[in-house]
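# Architecture at a glance
The lines below spell out each chain.
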Amino acid sequence: MQPQRRFDTGWRERLTLTDGTEVELRLLQPQDAELLRQGFERLSMRSRIGRFHVAKPRLSDHEVQYLTQVDGEQHLALGAVRWGPQGEEEGLGIARFIRLAQDAELAEAAITVVDPAQGKGLGRVLLERLVEAARERGVDRFEFRILPGNVAMLRLLEEHTSDNPPEVDEDSLCITVPLAATPRRKWNLLLLLLSLAARGAQSMLGSETPAPPDER
């Protein structure tokens, strides 16, 4: 019998950001497609380039389907919403992991927070919940691939990766971060890696990830 999980379709968690904004966290559902589109429209061009590596004007139908119709096992996504004046939901951020085909205990992670909600603690909360949800499903490591050539970013990583130096291949530097008993130093590394992604210095989807063609 599969053990009971905290992060299932019934999970709801309310919290307050540092600026007083009240938000709710929950799993992303296929019916959130329009909410995802609206959230994308609130991303600055800099944030879009950081996430997709191109100045993407809009999400295609195929991308929206891929990003919302997740199975909760190989590909899981958590969303953060707040409520508008009429009680409608407004998307603020999404955290997701995608299990790598060659190792069921290894996954790539990504977090996107709309620009108006950045710098208010939401990214860290999403990361903490994503790690918990991943560990519930048997994922024990997150993998991050850093694009080569950004010397300043690589130097910034050096002090955080002395005990698990990155592996080098033809296309990128690969850093693997264990999730079990993660100390503050590892949390700082995870946050730094996700920050690099937001600045376009990191490849969010590796070659083994079944990304839609429009995202490659």
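Residues numbered from 1 in each chain as written. Predicted model: local features only at pLDDT ≥ 70, side-chain atom pairs only at ≥ 80, totals over all residues. Heavy atoms only, no water.

If you want to describe how two helices pack, look at the angle between their axes and the distance between the axes. It is at 10 Å that the axes of helix H1 (residues 33–41) and helix H3 (residues 61–68) come closest, and there the two elements cross at 115°. Our classification of the angle between H1 and H3 gives roughly perpendicular. As H1 packs across H3, the resulting crossing turns out to be right-handed. Across the interface between the two elements, Ala33, Leu36 and Arg37 from H1 touch Asp61, Val64, Leu67 and Thr68 from H3. A per-class count over the contact of H1 with H3 returns 4 nonpolar, 1 polar and 2 charged. (Axes fitted to C-alpha atoms, helices over the stretch in contact; angles between N-to-C directions. Helix = DSSP H or I, 4+ residues; strand = E, 2+ residues; numbered from the N terminus. Parallel < 35°, antiparallel > 145°, perpendicular 65-115°, else oblique. Left-handed = near helix turned anticlockwise from the far one by under 90°. Contact = heavy atoms within 4.5 Å. Nonpolar A, V, L, I, M, F, W, Y, C, P; charged D, E, K, R; others polar.)

This part takes up the nonpolar core. Formed by 44 residues in total, the largest nonpolar core has its most connected members in Leu25, Phe97, Leu122, Leu126, Leu130 and Phe142. When sequence neighbours within four positions are dropped, the list of residues in contact with Leu25 reads Trp11, Arg12, Glu13, Leu15, Gly79, Ala80, Leu122, Val125, Leu126 and Arg129. (Core = buried A, V, L, I, M, F, W, Y, C linked by side-chain atoms within 4.5 Å. Buried < 20%, exposed > 50% of the residue type's maximum accessible area, 1.4 Å probe, protein only.)

Okay, the pairing of strand E1 (residues 12–16) next. Burial of the side chains of E1 is restricted to one face: Glu13 and Leu15 are buried, whereas none of Arg12, Arg14 and Thr16 on the reverse face is. Here 5 bridges tie E1 to strand E2 (residues 22–27), and the two strands are oriented antiparallel to one another. Within E2, the position partnered with Thr16 by the bridge is Glu22. Hairpin connection between E1 and E2: a loop of 5 residues separates the two successive antiparallel strands, and Gly20 in this loop has a positive phi of roughly 95°. (Pairing = 2+ DSSP bridges.)

This part takes up the pattern of salt bridges. In the structure shown here, the tally under the stated rule is 19 salt bridges. Notably, a salt bridge pairs Glu13 with Arg129, separated by 2.7 Å at the nearest N-O pair. Taken together, the residues Glu13 in strand E1 and Arg129 in helix H4 (residues 122–136) connect sequence positions 116 residues apart. Residue classification places Arg129 among the buried residues on the basis of a relative accessible area of 13%. (Salt bridge = Lys/Arg side-chain N within 4 Å of Asp/Glu carboxyl O.)

So, on to the environment of Glu34. Assignment of secondary structure puts Glu34 in helix H1. Residues Glu34 and Thr68, 34 residues apart in the sequence, show an inter-C-alpha distance of 9.8 Å.

Right, let's get into H1. Looking only at H1, the buried set comprises Leu35, Leu36, Gly39 and Phe40. The arc that holds the buried residues of H1, viewed along the axis, is 140°, so those residues lie on one side. (Arc of directions from axis to C-beta.)

Let us now look at the packing of aromatic side chains. The tally for this structure, following the rule as stated, stands at 1 aromatic pair. Judged by centre distance (4.7 Å) and plane angle (65°), the rings of Phe7 and Trp11 are edge-to-face. (Phe/Tyr/Trp six-rings, centres within 6.5 Å; stacked < 30°, edge-to-face > 60°.)

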